[in-house]
Amino acid sequence: MMASLESVIAVTRFGLGAQPQELQAASADPRGWLKNQIRKQGADQPKGKLPDTPDRVATLFTLRGEIKDLKQEKSHSDMKPEDFKGERKDIILPMLKGVRDEIFARTVLAAQTTAPFRERWTLFWANHFTVSSSKLQSAVLCGPFEREAIRPNVFGRFEDLLIASSTHPGMLIYLDQARSAGPDSMAGQFRDMGLNENLAREIMELHTVGADAGYTQADVTEFARALTGFSVGAKRDSRSEQGRFVYRSLLHEPGTRKVMGKTYADRGMDQAMHILKDLAAHPKTAEHISRKLAVHFVADDPPPSLIEKLKTSFLESRGDLSALASALIDAPEAWQPEAHKFKTPYEFIVSGYRAAGAAPADPQKEVVLPLTVLGQRPFASPQPNGWSDAASDWAAPGAMVKRLTWASRFAEYYTQQSASPVDAALSALGERVSGSLKTALTRAESRTEAFAILLMSPEFQRR
Amino acid sequence: MSTFQLSRRHALTLGASIGVTFLANPVFALTTTAKRKLVVIVCRGAMDGLSVAVPIGDSNYANLRGDIAIPAKDALKLDSDFGLHPKLDGIYALARAGQARIAPAVAIPERIRSHFEAQDLLESGGAHLYGVSTGWLNRTLLSLAPGSAVSALSVGAQEPLILRGKAQVQSWSPGGRMTDEMDRVASVLQDLYKSDPLLGPALASGLSTEMTAEELGGDQAFQPRAVKKFATTTAKFLTKDGGPSIAVFSLDGFDTHANQGSSDGQLAIRLRSLDDVVTGLHEGLGDAWNDTALIAVTEFGRTARINGTRGTDHGTASTMILAGGALKKGGIVGDWPTLADNKLFENRDLAPTLDVRQVFKGMLADHMGVDRKALDTTVFPDSAIAPALTGLV
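Residues numbered from 1 in each chain as written. Chains lettered and ligands numbered in written order. Predicted model: local features only at pLDDT ≥ 70, side-chain atom pairs only at ≥ 80, totals over all residues. Heavy atoms only, no water.

### So, the overall build of chain A
A count of helices and strands for chain A gives 25 helices and four strands. Rg of the C-alpha trace for chain A: 24 Å, near the compact-globule value of 23 Å for 463 residues, within the 12% margin. Summarising its shape, the C-alpha atoms of chain A cover approximately 75 × 65 × 35 Å along the three principal directions. Taking the intrachain contacts of chain A between residues at least 6 apart in sequence as the baseline, contacts between residues at least 24 apart amount to 73%. A distance of 1 Å separates the average location of the 59 positive side-chain charges in chain A from that of its 56 negative side-chain charges. (Helix = DSSP H or I, 4+ residues; strand = E, 2+ residues; numbered from the N terminus. Rg over C-alpha atoms; globule rule 2.2 N^0.38 Å. Contact = heavy atoms within 4.5 Å. Lys, Arg positive; Asp, Glu negative; His and termini not counted. Charge placed at Lys NZ, Arg CZ, Asp CG, Glu CD.)

Have a look at this one:
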């Protein structure tokens, strides 16, 4: 049976690419199939034994101690530099392996989930609130951040998601908030600590109102002053605070703050919370989020009417992300037949596994290495704005060769040798399969070669 | 089935055989233009210019920077006013030979402190944010004579905005080694992609470039940190007959808000990579280095004062590095505004004395033979106000 074009759109554009039988499952009621994946309790969690943030931070403290001891030993002996490096690596390695476990677990989830819209929606928010592995301390917290701050909140209120992100140790460490102190705070006066405006700026520019919202450097600095005190429990803190969000009044800059025209009285931690809530409800935030969603799901240059619909939903529902997801599904602009979006490397690889009805088995060889070569190692976005959604960023000539290399090797291992190549294509792409693709698949020298062609076809590369 | 059965070996010969029959600017005969090489290194995240070109002669520097100031004794002394960061020893050797210079206070045309907007402006070459959506190096290719032998290569997994636009450019990064089976799939794909305006040309160009890389011995296994090797392979591309004349690198990780470090530390590691890229190109280019000009540039600088977490926040002017055998000898490029309190921009940043576009335009005019009018209007729209800084090469 040929699946309807709408079910193909539901499964590839809103979902993560078809698993065997998935197009049939979606074809009776594509919109209902998508809406059934929205649930208040949030996203699915990756399976496996993955330590939470306090555990990770505790390990980090231990490792830091071991490295300190090692440095001591080096200074009191004639340890060779290469031996020092080797031992240091041995200490850090289990930590890095933990990062790999996180990457692997979420990729397996994406490859196997039967609620792929829920997962794509989640990946959008995880990318919106990027915590990157660019430093060791934040590297070990990328996975826990996504599981603890993002996944439970993706169908709740945007305000709660923003606060969960802005108070999570992963974000506070990644964007240098944890040690930021007001110049007139106790710590600023007596402990030679001072202001860091990184998190304040990125919350305004990237997470909420957007760079064109008309705020100034003074607004950023004022917000940064309000945020002082947002920190992470350290080794000297009580055990119940270690590795968790703590508010340190000793770091907090006293006084009234003025951000984007509004005055905020000094109520300690509530001052910044109040600003975060106002930023979450700001019409510029609604616009910024709506545009980003439209770009992610529909087209690099999305129809303004779609952005307007999403914005209306965001404002009328006061940032209810379940309502926003429904508004996206209900918008006719999101169902246009042309497939404008070009899959990012992560989407490409995940959809490859889904087409094969398989999941990766080896974390390093099948997930981390290929995605690194393709330029999208998970949790490693080079900058806090996260990964780009634009085709022009991913379809460079060299990148197309890397996709071809991956597809050919992947097909060697994962081609279903029982199905005909054309049937395999129909099961992945339904009505999208063109006449010329059918011809090419029929003429291929082997099923393996045909599968590589299918994965690289324009119909599969776009969604 | 299409008759456009393109094997990658074919693709290569096809790419290499595009001849040149016509040149609009007779002063720059084919041999000259194609011989001249231009390399642009985009340092992302706002590279701290005050640590790259250390103002050892400025009495305010040490106070403003505290712990993270580069001690004058560590700086590689250029003259009584400036020294280079100690990790830039390769570039320093070039400077001693008159083949590297610094422009210590350059900035993009608008005062922006968002990384992403500032990178957009730096790479698009617009006079205002969102003014143009393609890159100035791509428009440079379009402004050269039709059929010009000048083409460009981007090195890395993603294509940067600076090279994006109508002119087809090559891109390459390690890890794409091809087999014969892949050749067959590739030739089928050429047919399937023929009506896809993005994927078709991209794959054809990628296959041809990968083939070249294999010939040049650059098809090494993927090693994310081996920047010097990237640079040597890029040098091989640049020196190959009919190869690209322009190459672009991106380096990231310069956003040092906390624990920036001084002569060693976070920023020092990044500067070592930058130095490796420059020395890798210098070594790999051999004699062609004499025809090469290189620009290393960032979106903006960092605050003049150290911040509360031993780092620096988003600032305004930063340092640009110019290098290459084509460069003329000379001191610093542009004026030094000083770090005196009353000279800081908005009482926090090094003030700009030179527009990045002036240097870019000067290089493109003198080194690549780009028409002056095109520079003022199409390559850098509405930029007559920022005249080309000539005489650098």
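### A short note on the sheet that holds strand 10 (residues 318-323) of chain B
All names here are of chain B. Taken in spatial order, the eight strands make up an open sheet running 7-6-8-1-9-10-5-11, and their pairing is mixed. Each edge of the open sheet carries a strand with a single partner, namely strand 7 (170-172) and strand 11 (354-355). In this structure, strand 5 (residues 100-107) lies alongside strand 11, joined through two bridges in parallel fashion. Bridge pairing links Ala-107 to Asp-355 in strand 11. (Pairing = 2+ DSSP bridges.)

### Details of the environment of Pro-382 of chain A
Within the secondary structure, Pro-382 of chain A is located in the loop between helix 19 (363-373) and helix 20 (391-394). Remark: the alpha-carbon pair of Pro-382 of chain A and Ser-132 of chain A, spanning 250 residues in sequence, is separated by 7.2 Å. If sequence neighbours within four positions are ignored, Pro-382 of chain A has contacts with Trp-387 of chain A together with Asp-252 of chain B.

### A look at the sheet that holds strand 2 (residues 53-54) of chain B
All names here are of chain B. Ordered by their spatial adjacency, three strands build an open sheet running 2-4-3, and the pairing between neighbours is antiparallel. On the outer flanks of this sheet lie strand 2 and strand 3 (76-77), each paired with one strand and no other. Note: strand 2 against strand 4 (residues 83-84), two bridges, orientation antiparallel. Bridge pairing in strand 4 links Ala-53 to Leu-84.

### With respect to the nonpolar core
Phe-14, Trp-121, Trp-125 and Phe-223 of chain A are the most contacted members of the largest nonpolar core, which totals 155 residues. With ten residues, the top contributor of residues to this core is helix 5 (residues 81-112) of chain A. Core analysis: the second largest hydrophobic core is formed by 58 residues, Ala-75, Leu-216, Ala-296 and Ile-321 of chain B among them. (Core = buried A, V, L, I, M, F, W, Y, C linked by side-chain atoms within 4.5 Å. Buried < 20%, exposed > 50% of the residue type's maximum accessible area, 1.4 Å probe, protein only.)

### Looking at the packing of aromatic side chains
Each aromatic ring pair is described using two quantities: the centre-to-centre distance and the angle formed by the ring planes. The full count for this structure, using the stated rule, is 28 aromatic pairs over all chains. Between Phe-348 of chain A and Trp-406 of chain A the ring centres are 5.1 Å apart and the planes differ by 65°, which places this aromatic pair in the edge-to-face class. Separated by 58 residues along the polypeptide, Phe-348 of chain A in helix 18 (residues 345-356) and Trp-406 of chain A in helix 21 (residues 397-414) bring together distant segments of the chain. With respect to burial, Phe-348 of chain A and Trp-406 of chain A carry one shared label: buried. Centre to centre, the rings of Trp-172 of chain B and Phe-230 of chain B are 6.5 Å apart; their planes meet at 65°, and the pair counts as edge-to-face. Linking Trp-172 of chain B in strand 7 with Phe-230 of chain B in helix 10 (residues 227-239), this pair joins segments that are 58 residues apart in sequence. (Phe/Tyr/Trp six-rings, centres within 6.5 Å; stacked < 30°, edge-to-face > 60°.)

### Some remarks on a nonpolar patch on the surface
A cluster of nonpolar side chains, namely Leu-93, Leu-96 and Leu-136 of chain A, defines an oily patch on the protein surface of about 240 Å² accessible area. Here Leu-93 of chain A falls in the partly exposed class, since its relative accessible area comes to 44%. (Patch = residues over 30% accessible without salt bridge, like charges linked within 9 Å, V, L, I, M, F, W, Y side chains within 5 Å. Areas by Shrake-Rupley, 256 points an atom, 1.4 Å probe, with all protein chains shown as cover. Salt bridge = Lys/Arg side-chain N within 4 Å of Asp/Glu carboxyl O.)

### What to know about the pattern of salt bridges
A complete count under the given rule lists 44 salt bridges over all chains for this structure. Among the salt bridges present, the one from Arg-39 of chain A reaches Asp-44 of chain A, with a minimum N-O distance of 3.4 Å. According to the relative accessible area criterion, Arg-39 of chain A is partly exposed, its value standing at 23%. A residue is classified by how much of its surface remains accessible, and Asp-44 of chain A, at 18% relative accessible area, is buried. The closest approach of N and O atoms between Glu-346 of chain B and Arg-113 of chain B, which form a salt bridge, is 2.8 Å. Pair noted here: Glu-346 of chain B is in the loop between strand 10 and strand 11 and Arg-113 of chain B is in the loop between strand 5 and helix 6 (115-124), with a separation of 233 residues, a long-range link.

### As for the confidence of the model for chain B
For chain B, mean pLDDT is 87; residues scoring 70 or higher make up 89% of the total. Listed scores for the predicted complex are pTM 0.82 and ipTM 0.88. (pLDDT = per-residue confidence, 0-100.)

### Details of the interface of chain B and chain A
With 52 residues of chain B in contact, the opposing surface of chain A contributes 55 residues. Counting each side, the surface lost to burial between chain B and chain A is near 4400 Å², with a carbon and sulfur contribution of 59%. Run the count over chain B and chain A and you get six salt bridges. With its nearest N and O atoms 3.2 Å apart, the salt bridge here joins Arg-184 of chain B to Glu-445 of chain A. For the pair chain B and chain A, the number of links is 19 residue pairs in polar contact (both at pLDDT 80 or more). Mapped by element, the contributors of at least two residues to the side of chain B that touches chain A are helix 6, strand 7, helix 8 (180-192) and helix 9 (199-215) of chain B. Partitioning the side of chain B that touches chain A into residue classes produces 20 nonpolar, 18 polar and 14 charged. (Buried area = accessible area lost by both parts, 1.4 Å probe. Polar contact = N/O pair within 3.5 Å; in protein donor to acceptor, adjacent residues only side chain to side chain. Nonpolar A, V, L, I, M, F, W, Y, C, P; charged D, E, K, R; others polar.)

### Comments concerning helix 24 (residues 447-456) of chain A
Burial analysis of helix 24 of chain A places eight of its ten residues in the buried class, which makes it a mostly covered element. Residues of helix 24 of chain A that are buried include every one of Glu-449, Ala-450, Phe-451, Ala-452, Ile-453, Leu-454, Leu-455 and Met-456 of chain A, and no others. For helix 24 of chain A, the secondary structure elements touched by its buried residues are helix 18, helix 21, helix 22 (421-429), helix 23 (435-443) and helix 25 (458-461) of chain A together with helix 8 of chain B.

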